[in-house]
Amino acid sequence: MIEFKRRILDNGLTVIAHKDESTPMAAVNVLYDVGSRDDRPGKTGAAHLLEHLMFGGSLNIASYDREVQKAGGENNAFTSNDITNYYISLPSVNIETGMWLESDRMIGLNFSEKGLDVQKKVVAEEFRQRYLNQPYGDTWMLLRPLAYKVHPYRWPVIGSDVAHISNITLDEIREYYSEHYCPSNAILSVSSALEEDYCLDLAEKWFGTVKKRKTKIRSTPAEPQQDKMRKLDVTRDVPYDQIMIAYHMCERDSRRYYATDLISDLLAGGKSARLYRSLVMEKKIFGSINAFITGDRDPGLFVVKGTVSEGIEAERAYDEITGEINDFISRPPKNEELEKVKNKVEATRQYIQTSILYKATDLAYYELISDAGFLNEEIAQYRKTTQEEITSIAASLFRQENSSVLFYRSNHKSKPRK
Amino acid sequence: MRPGNISPQLARLDNTLPLYLISAGSQPVTRVDFIFSAGSWHQSKPLMASSTSAMLSEGTENLTGEEIARKADYYGAYINTSSDRDNAFVTIYSLSRYLDEVMPLAADIIKNPSFPERELETMLERRKQRFLIEKTRVSSLAREQFAASVFGKEHPYGRTLSPEDFDNVCPSGLAGFHRDHYRADNCKILVSGSYDQDKVLSTLDHLFGSGDWVSGGTPGTANQSENPHGLKKVLIYRDDAVQSALRIGRRMFPKNSIDYPGMMVVNSILGGHFGSRLMQNIREKRGYTYGIGSVLAGLKYDGFMAIVSEVGAEHREAAVTEIYRELEKLCNKPVSEKELDLTKRHMLGEILRSFDGPFAWLESIRNVAEAGMDHSFYDNLIDTVTEITPQQVHDLAKKYLMPAEMVEVVAGK
């Protein structure tokens, strides 16, 4: 049970405080309800580029990094499709430094052409390092626009093209900031051994002066239902073929989310899972296979991804996956198998919660999607998922016309065919 | 800013196997780690150490690999095996209330693995696939060549693998390696979390405290060659690379060396964190890279330091020039009091963080236990960080970071 207290400041900022007596550290987490979904077509990558600029100094702070370092802190951030999240972990005696740093960059940033220029270069190198200069690095660049035709989830968080990023102007990024980095569009969460009320008062002290601003109202086009299987074939300089299949799944706050998540565990969560046992260990069709959900707020993707063994045709490998999936629908998990994945979800949650940083981040995220208190109720949602739900959701999820398939083929000529 | 009492409680099983016990955290979970001196340093043929470790959970005299996985999953437990240059590890995460069910599984895979042939073959094919994919990354190519250049290709820390090595591993070799190295007198156990100490002690004593897995002989030691240095400047050319992977560094010393803590400070100033000189210059000022850092790796018998980055191929020359300039700066001019003070604060925060929570604490103790040291390493480190002067930093830089001493590997173009 994660206990917490909440306060909503006059400027609209939501503050969550959680007390954990076992730690000398404090975690300060600020979540902004803005992600790559808020980028404009042709200017994709703006949310992520802005995340980089958030470290370039703010109204009263010349160097964010130096101040964090002075306080013995460690900080980072991530941008997803849905959110941009910033966090600092520092000795709890310095918690106010964390609040000062975060509130100052909520008030205003030091935008400069020079800073923007350098960060565009850094992001271009990030783009190369993660997506271009890696084997199989561009799979998501290919799969997203295959699965989504309308919804902004069709481009990757970093942007779909380096040119988009380099075309973003200082005025545009300034506008992006003022439209989305408003107190009412943010959630601050704090975990430490300090009293919750004391932390809420500190938040009031540091963030209370941030001016109320109007957040841009989001209107996201819904992805129309897919009615035909989509297929993309590419050949690259990689040693093995890879297959990715993406099925449209439900939104994050749907009751069906839990069954869908459990299905991914039943199929590929660890070494006792079905796809691993059958297709890796018994039939040796794949060297590795995985199934996972993106879990986005709007309807996301259920993805199966496998690296094909030497000598196996990609088409056959694809048939083997769909065969296993059909088998899953006709031969649903028995009690013990279902119990196993539920136990694993529950235990894994406990392992994760040994870190106050994860607790702070989770509290903010759950507050965004429904209510921070929901963090404590979620296990019950998994627990009450029945076999019938699993089977019926699997049947509607794994329809062929709901799938987008990427065949990512190796050009290595020497590859022997069996 | 100093962590509270970080010393684990020490105990011994009936067969004298040492135990390090940590009580921490508010979640009802426990992590247990077994450390065996059974890393690749100790092997006589390629892949023996890592294959032995990977095969532990693939079948025992009592259970198949699938049964082991199913049982562990059922209790929500993770039983992971791994190995590195010096050691092999078995790591267990479990809800504390299931330790009595999970620990017998761990005992079975540690003491009675059967190395089934079919599973071994599958495991090797899978690892070969991973290996060949790794070989297409410039960062992997640079890492491998760097180790070979620093230690020499015949040195246990510098050896490289070839695809054929995966075809020449036999079950009996692994069984022999297991018999020689996975012994109570070659083992340490670390326990951390929120658990009933008496109960855990008696469970561990029952499973691991007997004399039946204490070795008679001594484990074989590595054939360490004295051919330390390979090529100092290497370019592995990759025509299609849009980025080049860089590794610039040199051979250093084992973790228990007297200069290790001081060099951690020097390394931190140079490239140990976001505010460090390399990061601020190469990334934040020039935008040549997404990330750059320097690592000081103290192993049990030796060590190295390496500046690591992937930079835009067109910036490679300029980036290398700037890296050497940063090294020269450290060697030519003492660091200012102000910069050193910032580094100290950052490092002390880092040390505090590394003992925060039961899993992090265990890992910190493991990081020194695996090199044959104990928690006093951290007391010493904190003293060094607190007391080190700009002059001492300068002396260490001059002693170890002269640009002429560096090995330089580029993979890309």
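The residue count restarts for each chain, going from 1 along the sequence in the order it is written. Ligands are numbered from 1 and chains lettered from A, in the order in which they are written. Reporting in this predicted model follows two pLDDT cut-offs: at least 70 for local features of residues, and 80 or more for side-chain atom pairs to be given and counted; totals over whole chains, interfaces and linings ignore these cut-offs and use all residues. With hydrogens and water stripped out, all remaining heavy atoms of the structure feed into the side-chain values.

## Notes on the sheet that holds strand β5 (residues 88–95) of chain B
Strand pairing within a sheet occurs via backbone hydrogen bonds; the two strands may be parallel or antiparallel.
In step 1: At least two DSSP bridges between two strands are required for those strands to pair. Starting at the N terminus, helices and strands are each numbered in turn, a helix being any DSSP run of H or I of at least four residues and a strand any DSSP run of E of at least two. Taken in spatial order, the 6 strands make up an open sheet running β1-β2-β6-β3-β5-β4 (chain B), and their pairing is mixed. The sheet terminates laterally at β1 (9–12) and β4 (78–83) of chain B, the two strands that pair on one side only. Here the strands of the sheet are splayed against their neighbours by 20° on average, with no regard to which way each runs.
In step 2: Of the pairings in the sheet, the one linking strand β2 (residues 18–23) of chain B to strand β6 (residues 187–193) of chain B comprises 5 bridges and is parallel in character. Directly across from B:L19, in β6(B), lies its bridge partner B:I189.
In step 3: Contacts are assigned to residue pairs with any non-hydrogen atoms lying within 4.5 Å of each other. Each axis is a line fitted through C-alpha atoms, taken for helices only over the stretch in contact, and angles between the N-to-C directions span 0 to 180 degrees. Each of β3 (29–36), β4 and β5 of chain B touches helix α12 (residues 335–352) of chain A; the most contacted strand, β5(B), lies at about 105° to it.

## Remarks on the side chain of B:E310
In step 1: Relative to the helices and strands, B:E310 is located in strand β10 (residues 303–312).
In step 2: Although buried, B:E310 forms no salt bridge, and the nearest oppositely charged side chain, B:R143, lies 8.0 Å from it.
In step 3: Leaving out residues up to four positions away in the same chain, B:E310 has contacts with A:Q129, A:Q134, B:V138, B:S139, B:Q243, B:S244, B:A245, B:T289, B:Y290 and B:G291. Only protein chains enter the accessibility calculation, which uses a 1.4 Å probe; a residue is then buried when its area is under 20% of its type maximum, exposed when over 50%, and partly exposed in between. His is not counted here, nor are the chain ends, while Lys and Arg score as positive and Asp and Glu score as negative. Salt bridge, as used here, is a side-chain nitrogen of Lys or Arg placed within 4 Å of a carboxyl oxygen of Asp or Glu.

## Focus: the environment of B:W41
In step 1: Topologically, B:W41 is positioned in the loop between β3 and α1 (48–55).
In step 2: C-alpha separation for the pair B:W41 and B:I248, spaced 207 residues apart in sequence, amounts to 24 Å.

## Digging into the pairing of strand β5 (residues 84–91) of chain A
Residues and elements named next belong to chain A.
In step 1: Most of β5 sits inside the fold, with 7 of its 8 residues counted as buried.
In step 2: Summarising the sheet, strand β3 (residues 25–32) and β5 pair through 8 bridges and their orientation is antiparallel. For Y32, the partnering residue across the bridge sits in β5 and is T84.
In step 3: Bridge count between strand β4 (residues 74–79) and β5: 6 bridges; the pairing is antiparallel. Each residue of the ladder has a partner; that of T79, found in β5, is T84.
In step 4: The turn linking β4 back onto β5 is made up of 4 residues.

## A look at the domain arrangement of chain A
All names here are of chain A.
In step 1: Here chain A is partitioned into domain 1 (5–207) and domain 2 (230–410).
In step 2: Taking only C-alpha atoms, the centre of domain 1 and the centre of domain 2 are 28 Å apart.
In step 3: Residue-level contacts link 37 residues of domain 1 with 38 residues of domain 2.
In step 4: Of the roughly 3200 Å² buried between domain 1 and domain 2 on both sides combined, carbon and sulfur atoms contribute 67%.
In step 5: Defined here as a combined quantity, buried area equals the accessible surface (1.4 Å probe) lost by two parts on assembly, summed across both. Broken down residue by residue, the surface that domain 1 buries against domain 2 is led by Y136, L143 and L146, which jointly contribute 21%.
In step 6: There are 6 salt bridges connecting domain 1 and domain 2.
In step 7: Taking the shortest distance from any N to any O, the salt bridge between D33 and R297 comes out at 3.5 Å.
In step 8: Throughout this description, a polar contact denotes any pair of N or O atoms lying within 3.5 Å of each other; where both atoms belong to protein, one of them has to be capable of donating a hydrogen while the other can accept it, and for residues adjacent in sequence the pair is counted only when both atoms sit in side chains. Taken together, the connections running from domain 1 to domain 2 amount to 18 residue pairs in polar contact (both at pLDDT 80 or more).
In step 9: Of all the secondary-structure elements, those providing two or more residues to the side of domain 1 that touches domain 2 are β2 (14–19), β3, β5, α5 (139–147) and β6 (186–192).
In step 10: If you tally residues by element for the side of domain 1 that touches domain 2, the top one is α5, at 6 residues.
In step 11: Classifying every residue of the side of domain 1 that touches domain 2 gives 18 nonpolar, 12 polar and 7 charged. Per the annotation, domain bounds derive from an automatic or database assignment of domains. Under the grouping applied here, Gly and all other residues not named as nonpolar or charged are polar, the nonpolar ones being Ala, Val, Leu, Ile, Met, Phe, Trp, Tyr, Cys and Pro and the charged ones Asp, Glu, Lys and Arg.

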